[in-house]
Amino acid sequence: MIDEAVILAGGLGTRLRSVVKDVPKPMADINGKPFLEYIFRYLEHYGIKKVILAIGYKADIVKNYFGKKFNNLSIIYSEEKELLGTGGAIKQAVKLSEGDNLFVLNGDTFFDVDLRKAYEFHKNKKSILTIMLKQMVNVDRYGIIEIDSSCRIKKFSEKYKKNSGYINGGIYLLNKKFLLSLDLPEKFSFEKDFLEKNYKLYNFYGLVFDSYFIDIGVPEDYEKAKKDFKRFKY
């Protein structure tokens with residue numbers, strides 16, 4: 001099992017500014033604790049021992065709160081001095097990892113994926129990149145991802161009105177050597193400039209989970225997380 005994860009925790013959180021001010025989005029208060037703490041507890045449950053936090057906006061708030069350890073998780077910081085985009089932040093952070101494969105998570109979403117199943121799938125497919133997918137209704141807030149019968153990603157679609165489909169759940173399993181072998185710029189979007197431009201060239205896979213998902217990027221879902229996380233199971 002993989003024991004390292006990168007968490008993207010450097011976003012500006014502009015859509016959430018009306019209710020969460022002056023802190024990075026993953027530090028948004030959920031019932032007296034930052035959202036990020038719930039992600040840490042979840043990762044710890046699945047045997048993750050080392051977290052690389054990709055930070056940028058108001059980075060000191062994150063570092064001062066968590067320091068170098070949370071319970072049994074060791075924390076390393078990958079700090080961007082200028083905005084690198086999600087891709088640039090991941091590229092910089094994975095250089096601090098030790099293993100060949102690692103999990104990458106968005107720091108403003110929680111998706112209750114069985115990480116052991118995800119790893120088994122990734123390993124059995126000999127995948128270089130696996131995206132955890134969530135079946136969603138009313139998907140106009142998200143882009144849609146289509147997979148074929150072997151779970152290989154065959155299409156990314158823009159945000160549009162559609163009743164249901166698979167969305168990117170914000171958790172990836174990534175082969176570090178593959179990512180670093182590509183001639184990628186310092187600043188880029190992982191979704192637009194990497195995933196959507198390379199899925200036809202390489203075998204990227206999608207694994208569907210029908211488990212709890214929340215994205216705190218908009219005020220109504222931030223409020224929903226506060227209610228839901230009163231029964232947080234990790």
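Notes on the structure follow. (Residues numbered from 1 in each chain as written. Predicted model: local features only at pLDDT ≥ 70, side-chain atom pairs only at ≥ 80, totals over all residues. Heavy atoms only, no water.)

### A closer look at the overall build of the chain
Part 1 of the reasoning: Counting its secondary structure elements, the chain contains seven helices and 14 strands.
Part 2 of the reasoning: Within the chain, buried positions represent 55% of all 234 residues.
Part 3 of the reasoning: Here the contacts in the chain between residues at least 6 apart in sequence split such that 74% fall between residues at least 24 apart.
Part 4 of the reasoning: Total accessible area on the chain is roughly 11,000 Å²; 49% of this is exposed by carbon and sulfur atoms.
Part 5 of the reasoning: Side-chain charges of the chain comprise 40 positive and 31 negative groups, with the mean position of each set lying 2 Å from the other. (Helix = DSSP H or I, 4+ residues; strand = E, 2+ residues; numbered from the N terminus. Buried < 20%, exposed > 50% of the residue type's maximum accessible area, 1.4 Å probe, protein only. Contact = heavy atoms within 4.5 Å. Areas by Shrake-Rupley, 256 points an atom, 1.4 Å probe, with all protein chains shown as cover. Lys, Arg positive; Asp, Glu negative; His and termini not counted. Charge placed at Lys NZ, Arg CZ, Asp CG, Glu CD.)

### Thoughts on the side chain of arginine 41
Part 1 of the reasoning: Among the secondary structure elements, arginine 41 is positioned in helix α1 (residues 35-45).
Part 2 of the reasoning: Those residues within four positions of arginine 41 in sequence are excluded, and the remaining contacts are Lys33, Phe70, Phe232 and Tyr234.

### Thoughts on the pattern of salt bridges
Part 1 of the reasoning: With the rule as written, the count across this model stands at 16 salt bridges.
Part 2 of the reasoning: Here lysine 63 and glutamate 79 are joined by a salt bridge, their closest N and O atoms 2.8 Å apart. In this pair, lysine 63 is assigned in helix α2 (residues 59-66) and glutamate 79 in strand β6 (residues 73-79), connecting sequence segments 16 residues apart.
Part 3 of the reasoning: The exposure class assigned to lysine 63 is partly exposed, which follows from its relative accessible area of 28%. (Salt bridge = Lys/Arg side-chain N within 4 Å of Asp/Glu carboxyl O.)

### Thoughts on the pairing of strand β9 (residues 129-137)
When a strand is regular, its side chains alternate between the sheet's two faces.
Part 1 of the reasoning: Among the nine residues that make up β9, seven are buried, leaving the element largely enclosed by the rest of the structure.
Part 2 of the reasoning: By the bridge criterion, eight bridges tie β9 to strand β12 (residues 164-175) in an arrangement that is antiparallel. Its bridge partner being in β12, threonine 130 is matched across the sheet by leucine 173.
Part 3 of the reasoning: Relative to strand β13 (residues 204-209), β9 runs parallel, the two being bridged by six bridges. Its bridge partner being in β13, leucine 129 is matched across the sheet by phenylalanine 204. (Pairing = 2+ DSSP bridges.)

### Structural notes on the side chain of aspartate 228
Part 1 of the reasoning: Mapped onto the secondary structure, aspartate 228 falls in helix α7 (residues 219-228).
Part 2 of the reasoning: On the basis of relative accessible area, aspartate 228 is assigned to the buried category, the value being 17%.
Part 3 of the reasoning: When sequence neighbours within four positions are dropped, the list of residues in contact with aspartate 228 reads Tyr212 and Ile214.

### Describing helix α4 (residues 115-124)
Part 1 of the reasoning: Where α4 is concerned, the buried positions are Leu115, Ala118, Tyr119, Phe121 and His122. The buried residues of α4 occupy an angular sector of 160° when projected down its axis, which confines them to one face. Residues of α4 that are exposed and point over 90 degrees away from its buried face: Lys117 and Asn124.
Part 2 of the reasoning: Where α4 is buried, its residues touch α1, β7 (101-106), β9, β12 and β13.
Part 3 of the reasoning: For α4, the N-terminal capping position is held by aspartate 114, with its side-chain oxygen 3.0 Å away from the main-chain nitrogen of arginine 116. (Arc of directions from axis to C-beta. Polar contact = N/O pair within 3.5 Å; in protein donor to acceptor, adjacent residues only side chain to side chain.)

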